[in-house]
Amino acid sequence: LSRWGDIASKYTSYNYNVIIIDYRTYGKSTGAINEQNMFEDTQLPYNFLLKSFKEEDVVVYGRSLGTAYASYLASKNKPRKLILETPFYNMLDVTKRRFPMLPFVDKLLKYRMESNAFVKDVDCPIVIYHGTNDDVVPLESGALLKDEIPEDQLTFYTIQEGTHHNLASFSLYQDTILKSLRK
């Protein structure tokens, strides 16, 4: 969570409340780690939010690996919006793109994280930010995910020269993120 302070402060400076969670075995969190448990864990802070906020005021945001969890959460609830930064189609796709020399990589994967399946059940606007120079999650994987979302539900921002870790430093991101957060 300590690394998220800078990211959260961007949203709190816009007067948004932010909840960030540590998944099982991360930070001070404990418990048995498996894909389903980790997906189910995302519902806990969402339920907590709904005690103080209307669901139509909740924006679900995911970055990198968190985009699979955010997509899952949005598919099981009715948030106002889903914002994904550097998302991937699914874990198999991004792993094959990063390690093409391992043709049997699908046998090694423990988690599938199928964002492509989750976004099909999301019933709110989806905003995606992706950089052209992302060497962790290639733009092509994010573009595949984009193709799973109806055009009228999606806003896709391609940030030229953007990498996996610096999208917020680009004027396109800065000029559109507040608009993306709003209704």
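Everything that follows concerns the structure shown earlier in this document.
Report follows, based on the coordinates.

What counts, and at which threshold
Residues numbered from 1 in each chain as written. Predicted model: local features only at pLDDT ≥ 70, side-chain atom pairs only at ≥ 80, totals over all residues. Heavy atoms only, no water. Helix = DSSP H or I, 4+ residues; strand = E, 2+ residues; numbered from the N terminus. Buried < 20%, exposed > 50% of the residue type's maximum accessible area, 1.4 Å probe, protein only. Contact = heavy atoms within 4.5 Å. Lys, Arg positive; Asp, Glu negative; His and termini not counted. Charge placed at Lys NZ, Arg CZ, Asp CG, Glu CD. Pairing = 2+ DSSP bridges.

### Topic: the overall build of the chain
For step 1, the next point in the chain: For the chain, the helix and strand inventory stands at 9 helices and 4 strands.
For step 2, the next point in the chain: The order of α-helices and β-strands along the chain, N terminus first, is α-α-α-β-α-β-α-α-α-β-α-β-α.
For step 3, the next point in the chain: By principal-axis analysis of the C-alpha atoms, the chain measures approximately 50 × 40 × 35 Å.
For step 4, the next point in the chain: By the burial criterion, 44% of the 183 residues in the chain qualify as buried.
For step 5, the next point in the chain: Long-range contacts, defined here as pairs at least 24 residues apart, represent 65% of the contacts in the chain between residues at least 6 apart.
For step 6, the next point in the chain: The average position of the 22 basic charges and that of the 23 acidic charges among the side chains of the chain differ by 4 Å.

### Examining the pairing of strand 1 (residues 59-63)
For step 1, the next point in the chain: Relative to strand 2 (residues 81-85), strand 1 is paired through 5 bridges, and the arrangement is parallel. When the sheet's bridge partners are listed, Val 60 is paired in strand 2 with Leu 82.

### Comments concerning unusual backbone geometry
For step 1, the next point in the chain: Non-glycine residue Ser 64 carries a positive phi angle of around 55 degrees.
For step 2, the next point in the chain: Judged by its relative accessible area of 15%, Ser 64 falls in the buried class.
For step 3, the next point in the chain: You will see that Glu 161, though not glycine, has its phi angle at about 75 degrees, which is positive.
For step 4, the next point in the chain: With respect to the element layout, Glu 161 can be found in the loop between strand 4 (154-159) and helix 9 (171-181).

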